[in-house]
Amino acid sequence: WGFLLQFVMRKAMIIFTTIAYLSNALVNLVAPPMIVKKLMPLDRSSEREGADITHILLHFSSLCVLDQKNPYDLEKQIQIYVDAEASAHFLLDRQGVIYLLVAESRKAWHAGKGKLRWAPYMEDTLNFHSIGIELMGIGSWEDMKIFMTKEQYDNIEKKDLGFTNAQYRSLNLLLNYLIKKYDIPRDRCHILGHNDWADNEHRTDPGHFFFYSKIGLPQYPTMCKLSLIHI
């Protein structure tokens, strides 16, 4: 019996060690989330020209200026991007579905002009170095007043303001995947809102109703090390 017990214990230890090894490997392996391809016309993006992907830029999108009662429509939203000669790599709808609009290898037209006080060498070039993520959502009145009247804003239903838990869950999965794939630091110096990049008078997204704590980050960029050249 003593021999049999030792044999069973050794086998159990081998199984336990194997399970621990596989579990650790799975933690370190970040699989891409479920993504639906809905690619925009190729002429709404351009070549990255060999630039490294170092940042992620978050935005909000809606039809609220045109239709306060039905501010979320996927096809209409994408058509607005097309008409405006704008684009982003990903779009998250209210149910958390992730749509790929532009291949990651291409430069989407989402950042526009701007600068980072801790990386002045990047002025007006963030499109080359970033992944753009649009979330269907509407900000606070302070965020939206540059786009619409107070009367229009007050016609929006409360349930359509801010972002959904499903969007936060999907965004975390997408961020985990992108951070792992491109070795992007998970901090507010590299994961930015459009307002961090552009002048707040012109770009306010993702707005006061986007809570960075739900993606494990502080609300504002802090402790960003000044760099005068691209490293």
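Up top is the structure these notes are about.
Structural notes, computed from the coordinates. Note that the structure is a prediction, hence the values are computed from the model and not measured.

To continue, consider the overall build of the protein chain. In terms of helices and strands, the protein chain carries seven helices and eight strands. The burial tally for the protein chain puts 46% of its 231 residues in the buried class. Long-range contacts, defined as pairs at least 24 residues apart, comprise 74% of the intrachain contacts of the protein chain with a sequence gap of at least 6.

Turning next to the pairing of strand E7 (residues 130-136). On any regular strand, side chains alternate: one points to one face of the sheet, the next to the other face. Counting buried residues in E7 gives seven out of seven residues, a clear majority hidden from the surface. Residues of E7 alternate between two faces, with Ser130, Gly132, Glu134 and Met136 on one and Ile131, Ile133 and Leu135 on the opposite face, all of them buried. Summarising the sheet, strand E3 (residues 55-61) and E7 pair through seven bridges and their orientation is parallel. Paired with His59 across the bridge in E7 is Glu134. For strand E4 (residues 90-92) and E7, the ladder comprises three bridges, and the chain directions are parallel. The residue of E7 that forms the bridge with Leu92 is Leu135.

Quick look at the pattern of salt bridges now. Counted according to the given criterion, the structure contains nine salt bridges. With its nearest N and O atoms 3.1 Å apart, the salt bridge here joins Glu104 to Lys181. Taken together, the residues span a long stretch of sequence, with Glu104 in the loop between strand E5 (98-100) and strand E6 (106-108) and Lys181 in helix H6 (residues 165-182) at a distance of 77 residues. What makes Glu104 buried here is its relative accessible area of 11%. In this structure, Lys150 and Asp154 form a salt bridge, with 2.8 Å as the shortest nitrogen-oxygen distance. Remark: Asp154 and Lys150 occur in helix H5 (residues 150-154); sequence separation between them is four residues, near one turn of the helix. Look at Asp154 and you get partly exposed, because its relative accessible area is 49%. Overlapping salt bridges, with partners in common, bring together Glu157, Lys159 and Asp160 in one network.

On to a nonpolar patch on the surface. A cluster of nonpolar residues, Val65, Leu66, Ile80, Ile146 and Phe147, forms a patch on the protein surface that exposes about 420 Å² of accessible area. Here Ile146 lies in the loop between helix H4 (141-144) and H5. Given the relative accessible area of 39%, Ile146 is considered partly exposed.

Membership of the largest hydrophobic core comes to 44 residues, with the highest contact counts inside it found for Ile56, Leu58, Ile133 and Leu171. Listed by contribution, the elements that provide at least two residues to this core are E3, helix H2 (74-83), E4, E5, E7 and H6. The element contributing the most residues to this core is H6, with seven residues. Apart from the residues within four sequence positions on either side, Leu171 is in contact with Leu58, Leu92, Ile133, Leu135, Phe210 and Ile215. Counting 12 residues, the second largest nonpolar core, distinct from the first, contains Leu57, Ala111, Ala119 and Cys224.

Okay, the packing of aromatic side chains next. Following the criterion strictly, the structure yields five aromatic pairs and no others. Pairing Phe163 with Tyr168 gives two aromatic rings, centres 6.5 Å apart and planes at 70°, and the pair type is edge-to-face. Across the pair, exposure class does not vary: Phe163 and Tyr168 are buried alike. Relative to Phe210, the ring of Tyr168 lies with its centre 5.5 Å away and its plane at 35°, an arrangement referred to as tilted. Of this pair, Tyr168 sits in helix H6 while Phe210 sits in the segment after helix H7 (194-197), and the two are 42 residues apart along the sequence. Residue class for Tyr168 comes out buried when judged on its relative accessible area of 6%. Using a relative accessible area of 0% as the deciding quantity, one classes Phe210 as buried.

Our focus in this paragraph is the state of the cysteines. The full count for this structure, using the stated rule, is one disulfide. Here Cys189 is linked by a disulfide to Cys224, with a sulfur-sulfur distance of 2.1 Å. Given an S-S torsion of about -100°, the disulfide between Cys189 and Cys224 has left-handed geometry. Taken together, the positions of Cys189 in the loop between H6 and strand E8 (191-193) and Cys224 in the segment after H7 put the pair 35 residues apart, joining distant regions of the chain.

The rules behind the values
- Residues numbered from 1 in each chain as written.
- Predicted model: local features only at pLDDT ≥ 70, side-chain atom pairs only at ≥ 80, totals over all residues.
- Heavy atoms only, no water.
- Helix = DSSP H or I, 4+ residues; strand = E, 2+ residues; numbered from the N terminus.
- Buried < 20%, exposed > 50% of the residue type's maximum accessible area, 1.4 Å probe, protein only.
- Contact = heavy atoms within 4.5 Å.
- Pairing = 2+ DSSP bridges.
- Salt bridge = Lys/Arg side-chain N within 4 Å of Asp/Glu carboxyl O.
- Patch = residues over 30% accessible without salt bridge, like charges linked within 9 Å, V, L, I, M, F, W, Y side chains within 5 Å.
- Areas by Shrake-Rupley, 256 points an atom, 1.4 Å probe, with all protein chains shown as cover.
- Core = buried A, V, L, I, M, F, W, Y, C linked by side-chain atoms within 4.5 Å.
- Phe/Tyr/Trp six-rings, centres within 6.5 Å; stacked < 30°, edge-to-face > 60°.
- Disulfide = S-S within 2.5 Å.

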